[in-house]
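Coordinate inspection notes
Residues per chain, in single letters:
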Amino acid sequence: VDADGVWFTPDGAGGPLRHLGQDGTLGEPIDAMEVKGSHGDLTSVLLSLDEKEATSCGGVLRASDDLVWRTCDYTVESFSPDGEWVAATDPYLDGLGQNTVAILAADTGEVQAHFEIEDGVIVDRRWEDSDHVLVLTRATNAHTWQVMRMGRDGSVEQAVAPEVGPDYGPPF
């Protein structure tokens, strides 16, 4: 769902996507597999997935069926509350979590900030506000969970103190 209507797959099995406007207009099919998020007339999508090569490509579409930009360097996910930025992660999602979080410009895909964890995995990421992403991490061997705050300016700071917890699920 975006500001102008809804994206859907006619066969319900993933791709191609079509946009149905609030006024009843049906957009042309777009070769995409999955909607990841939307804000205003912009929608982040998974465009392709190659499980054999462990790669994927994503991008941002306009409700007018136009591909605004495409990347195979990241999986494009959720938009910031103001819609100016989009959170992204590793180009192939597999295993316990990811190693990367990036903030990209929603209109160009340009990397604004990039954070990579060295010892552990990134389990989740959520916008705190339009300038910061909260990043839930788990250390590989210590079973230590923490929440980091990543800023558009590239800053990274601890938001919640580390806490020992179970392998699958944070203690807080």
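Below: a short report on this structure. What you see is a predicted model; the values in this text were computed from it and never measured.

Rules used in this analysis
Numbers given to residues run from 1 along each chain, matching the order in which its sequence is written. Per-residue local features of the predicted model are confined to residues with pLDDT of at least 70, and side-chain atom pairs are confined, for both listing and counting, to 80 or more; whole-chain, interface and lining totals are unaffected and use all residues. With hydrogens and water stripped out, all remaining heavy atoms of the structure feed into the side-chain values. Every helix listed is a DSSP run of H or I at least four residues long, and every strand listed is a run of E at least two residues long, numbered separately from the N terminus. Each residue is placed in one exposure class: buried if its accessible area under a 1.4 Å probe, protein chains only, is under 20% of its type's maximum, exposed if it is over 50%, and partly exposed if it falls in between. Contacts are residue-level and defined by heavy atoms, with any inter-residue pair within 4.5 Å sufficient. What counts as a salt bridge is simple: a side-chain nitrogen of Lys or Arg found within 4 Å of a carboxyl oxygen of Asp or Glu. Strand pairing is defined by DSSP finding a minimum of two bridges between the two strands. Only the stretch in contact is used when fitting a helix axis, every axis being a line fitted to C-alpha atoms; angles between N-to-C directions are given from 0 to 180 degrees. Think of a nonpolar core as a cluster: buried Ala, Val, Leu, Ile, Met, Phe, Trp, Tyr and Cys residues, connected wherever their side-chain atoms sit within 4.5 Å.

**Side note on the side chain of Thr-137**
- Relative to the elements of secondary structure, Thr-137 occurs in strand 12 (residues 132-138).
- Its relative accessible area of 4% is what places Thr-137 among the buried residues.
- Discounting residues that sit within four places of it in the chain, Thr-137 has contacts with Ile-117, Val-121, Ile-122, Thr-144, Trp-145, Gln-146 and Met-148.

**Some remarks on the pattern of salt bridges**
- For the coordinates displayed, the defined rule picks out 6 salt bridges.
- The salt bridge involving Arg-62 is made with Asp-41; its shortest N-O contact spans 3.5 Å. Residue Arg-62 is found in strand 5 (residues 55-62), and its partner Asp-41 is found in the loop between strand 3 (34-39) and strand 4 (42-50); the two are separated by 21 residues along the sequence.
- On the basis of relative accessible area, Asp-41 is assigned to the partly exposed category, the value being 29%.
- Across the salt bridge formed by Arg-152 and Asp-131, the nearest N and O atoms sit 2.8 Å from each other. Taken as a pair, Arg-152 in the loop between strand 13 (144-151) and strand 14 (156-164) and Asp-131 in the loop between strand 11 (121-129) and strand 12 lie far apart in primary sequence, 21 residues in all.
- Residue classification places Arg-152 among the partly exposed residues on the basis of a relative accessible area of 23%.
- We classify Asp-131 as partly exposed; its relative accessible area is 35%.

**Looking at the side chain of Ser-44**
- For Ser-44, the location among the structural elements is in strand 4.
- Excluding anything up to four places from it in sequence, Ser-44 contacts Glu-34, Val-35, Lys-36, Gly-37, Gly-59, Val-60, Val-76, Glu-77, Phe-79 and Val-86.

**Digging into the sheet that holds strand 12**
- Strand order across the open sheet formed by 4 strands is 11-12-13-14, with antiparallel pairing between neighbours. If you trace the sheet from one side to the other, it starts and ends with strand 11 and strand 14, each paired once. The sheet shows a mean angle of 20° between the axes of neighbouring strands, direction not considered.

**A closer look at the sheet that holds strand 7 (residues 75-79)**
- Across the sheet, 4 strands lie side by side as 7-8-9-10; this open sheet has antiparallel pairing. Edge strands, defined here as strands with exactly one partner in the open sheet, are strand 7 and strand 10 (111-116). Direction aside, the axes of adjacent strands within the sheet are offset by 25° on average.
- Of the pairings in the sheet, the one linking strand 9 (residues 100-105) to strand 10 comprises 5 bridges and is antiparallel in character. Residue pairing in the sheet places Leu-104 in a bridge with Val-111 of strand 10.

**Some details on the nonpolar core**
- Ranked by internal contacts, the top residues of the largest apolar core, which has 14 residues, are Val-101, Ile-103, Ile-122, Trp-127, Val-133, Val-135 and Met-150.
- Of all the secondary structure elements, the ones that give two or more residues to this core are strand 8 (85-89), strand 9, strand 10, strand 11, strand 12 and strand 13.
- At 3 residues, strand 9 tops the list of elements feeding residues into this core.
- Leave out the neighbours within four places in its chain, and Val-133 touches Val-101, Ile-103, Arg-125, Arg-126, Trp-127, Glu-128, Met-148, Arg-149 and Met-150.
- Counting 11 residues, the second-largest nonpolar core is a separate cluster that includes Trp-69, Tyr-74, Val-76 and Ala-102.

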